[in-house]
Amino acid sequence: MTEEDAAPAPLTEPDPARVLLHMPVDIRNMSLIVLALLAGLFVLHWAKAVFIPVMLSVLFSYALSPVVNWLEIKRVPRWLGSAVLLLAILSAMGSTAYSLSDEAAQLLESLPAAAQKFRQTVKTRGKPDGALETMQKAASQIEQAAQESATASGPSRGTLRVVVEPSRFNVKDYLWTGTIGLLALAGQTTVVVFLTYFLMLSGDTFRRKLIKLAGPSLSSKKITLQALQEITGQIQRYLQVQLLTSALVGVLTWLALLAIGLDNAPVWGIAAGVFNLVPYVGSLITAAASALVGFLQFGSLNMALMVGGASLLIHAIVGNLITPWLTSRASRLSPVAVFVGLLAWGWLWGVWGLLLGIPIMMMVKSVCDRVDDLKPIGEFLGS
């Protein structure tokens, strides 16, 4: 054996351009996290009848607590200030709905006629029959000839003729279903009102309990207090932004449709302000419905497009210029995280998820920023 054979092979030097990052991954912990996440999503979807009223009550209590605190400073008892404030809000909403009930009823009655007129106009303005329409007519004529031939020859012996009749519209079933929906809505509204009252009545009780449960150390109590203060401030600023932008959209929509000459412009202004609270979807609903009614009133597709375009333009200006600037000052959420989060919460809770998704993500981010193991989630949600 020679010295060359006995010599060890030279070690290859690592490539300086290639850097390996070693990240220890615990498969067991990762699997538990995934299972816990799936279980949490299932519980949120399954118990949405409980979580949605609770979250709505929490948001309303955050929005109305400053007013109750101000009344308490003015020597008004907290229980009385909370009750008077809720009764005043409910009375204002009821009086507004009653004053606009006639115009809203006329608007709802005009929607079927508008849809029918729109279909007729589209058919009359359509192009001449093409190859597809010609084939459809030929198939219809062949089918009619076959039916006439079968009727003339009579049914063959030993065959049973089956006639399928469409189900008739049952008014009782419709009224029963609508009554159940109204009763469920009234029940949930009652739960939200009473829970909001109790949350405002409690004041800082739950905050003090959470601080007490944070731990015996002063640092844990301080971190919990900071997180609660940040959650309170962000949610209150977010609600103020939403109310301001919705009021602005409602006023601008009312003035624009009034200038165009659309009937019931105040109703459309209120509808635009309310639907503006629903991200992405509310503006499309308002524009489509107003364009349909505008077509019924003016009888022209151009005027219908003008009405719908004015509504969309107002939502686009407020939603793309004013709302992002104000929201960025109210929260520190990433636009991508907000969009993905709204998709997820909309899938879980529907329209209520679109309304509650951003406040919930604000709470999650405030907590994750102050917990070491959850800081990556807070970094992902941040801007």
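Just so we're clear, the structure is a prediction, and the values are computed from it rather than from any experiment.

Let's shift gears to the overall build of the protein. Across its full length, the protein holds 15 helices and zero strands. Buried positions account for 29% of the 383 residues belonging to the protein. Excluding contacts between residues fewer than 6 apart, the proportion of contacts in the protein whose partners are at least 24 apart in sequence is 69%. Here the protein has roughly 26,900 Å² of accessible surface; of this, 68% comes from carbon and sulfur atoms.

On the surface, a nonpolar cluster with roughly 930 Å² of combined accessible area is contributed by M30, L32, I33, V34, L35, L37, L38, L41 and W347. In terms of residue count, helix α2 (residues 27-46) provides more of the nonpolar patch than any other element does, eight residues in total.

This next bit is on unusual backbone geometry. A positive phi angle, near 70°, is found at R75, a position not held by glycine. As for its placement among the helices and strands, R75 is situated in the loop between α3 (48-73) and α4 (78-99).

Where α3 contacts α4, the two axes come as close as 9 Å, and the packing angle between them is 130°. Of the possible angle classes, the one that applies to α3 and α4 is oblique. Handedness of the crossing formed by α3 with α4: right-handed. Where α3 abuts α4, its residues L64, V67, V68, N69, L71 and E72 lie against R78, G81, S82, L85, L86 and I89. Split into classes, the residues belonging to the contact of α3 with α4 amount to seven nonpolar, three polar and two charged.

Relative to the helices and strands, S61 is located in helix α3. Apart from residues lying up to four places away in sequence, S61 is in contact with T196, L199 and M200.

This next bit is on the packing of aromatic side chains. Across all of its chains, the model carries three aromatic pairs by this definition. With centroids separated by 6.5 Å and ring planes inclined at 15°, the aromatic side chains of F51 and W349 adopt a geometry described as stacked. Taken together, the residues F51 in helix α3 and W349 in helix α13 (residues 335-349) connect sequence positions 298 residues apart. With a relative accessible area of 30%, F51 lands in the partly exposed category. When its relative accessible area of 6% is taken as the criterion, W349 is described as buried. Pairwise contacts between aromatic rings join F51, W345 and W349 into one cluster.

Following the criterion strictly, the structure yields two salt bridges and no others. Residue R78 is joined to E72 by a salt bridge in which the shortest nitrogen-to-oxygen separation is 2.7 Å. According to the relative accessible area criterion, E72 is partly exposed, its value standing at 40%.

Once that is clear, we can look at the nonpolar core. Within the largest apolar cluster, 28 residues are counted, with the highest numbers of intra-cluster contacts made by I235, L333, W349, L356, I358 and M363. The set of elements that each furnish at least two residues to this core consists of α3, α7 (171-202), α9 (218-260), α13 and α14 (351-368). Not counting residues up to four positions away in its chain, the partners in contact with L356 are I52, M55, L56, L59 and W349.

It is worth spelling out helix α11 (residues 281-298) at this point. Between its first and last C-alpha, α11 extends 26 Å over 18 residues, near the 26 Å set by a 1.5 Å rise per residue. Following α11 by one or two positions, G299 has its phi on the positive side, about 70°.

The next thing to look at is the confidence of the model for the protein. The predicted structure's coordinates, where accompanied by low pLDDT, should not be read in detail. Predicted confidence across the protein gives a mean pLDDT of 76, with 71% of residues reaching 70 or more. The least confident element of the protein is helix α1 (residues 3-6), whose mean pLDDT is 52; the most confident is α3, at 87.

Moving on, we get to the packing of α2 against α13. The contact between α2 and α13 brings their axes to 8 Å, and the two run at 50°. By the angle class used here, α2 and α13 are oblique. Across the interface between the two elements, L41, L44 and H45 from α2 touch W345, W347, L348 and W349 from α13. Within the contact of α2 with α13, the residues separate by chemical class into six nonpolar, one polar and no charged.

Basis of the calculations
Counting restarts for each chain, with residues numbered from 1 along the sequence as it is written. The predicted origin of the model limits local features to residues at a pLDDT of at least 70 and limits the giving and counting of side-chain atom pairs to 80 or more, whereas totals for whole chains, interfaces and linings rest on all residues. Derived side-chain values reflect all non-hydrogen atoms in the structure, with water molecules and hydrogen atoms excluded from consideration. Comment: elements are numbered from the N terminus, with helices defined as DSSP H or I runs of at least four residues and strands as E runs of at least two. Buried, partly exposed and exposed residues are distinguished by accessible area as a fraction of the type maximum, computed with a 1.4 Å probe on protein chains only: under 20%, between the cut-offs, and over 50%, respectively. It only takes one pair of heavy atoms within 4.5 Å for two residues to be counted as in contact. Only the protein chains shown count as covering a residue, and every accessible area follows the Shrake-Rupley method with a 1.4 Å probe. Patch membership needs two things, relative accessible area over 30% and no salt bridge, and members are linked within 9 Å if like-charged or within 5 Å if nonpolar (Val, Leu, Ile, Met, Phe, Trp, Tyr). Salt bridges are defined by distance alone: a side-chain nitrogen of Lys or Arg within 4 Å of a carboxyl oxygen of Asp or Glu. Working convention: axes come from line fits to C-alpha atoms, limited for helices to the stretch in contact. Angles between N-to-C directions cover 0 to 180 degrees. Roughly parallel refers to an angle under 35 degrees, roughly antiparallel to one over 145, roughly perpendicular to one between 65 and 115, and oblique to any angle outside these ranges. Note on convention: the crossing is left-handed when the near helix lies turned anticlockwise from the far helix by less than a right angle, right-handed when the turn is clockwise. Each residue is assigned to one of three groups, with Ala, Val, Leu, Ile, Met, Phe, Trp, Tyr, Cys and Pro labelled nonpolar, Asp, Glu, Lys and Arg labelled charged, and all others, Gly among them, labelled polar. Here a pair means two rings of Phe, Tyr or Trp (six-membered ring of Trp) with centres within 6.5 Å. Their orientation is stacked below 30 degrees between planes, edge-to-face above 60, and tilted elsewhere. Grouping buried Ala, Val, Leu, Ile, Met, Phe, Trp, Tyr and Cys residues that are joined through side-chain atoms within 4.5 Å yields what is termed a nonpolar core. Expected span, for any helix, means 1.5 Å times one less than how many residues it has. Each residue carries a pLDDT value, the predictor's own confidence for that position, ranging from 0 to 100.

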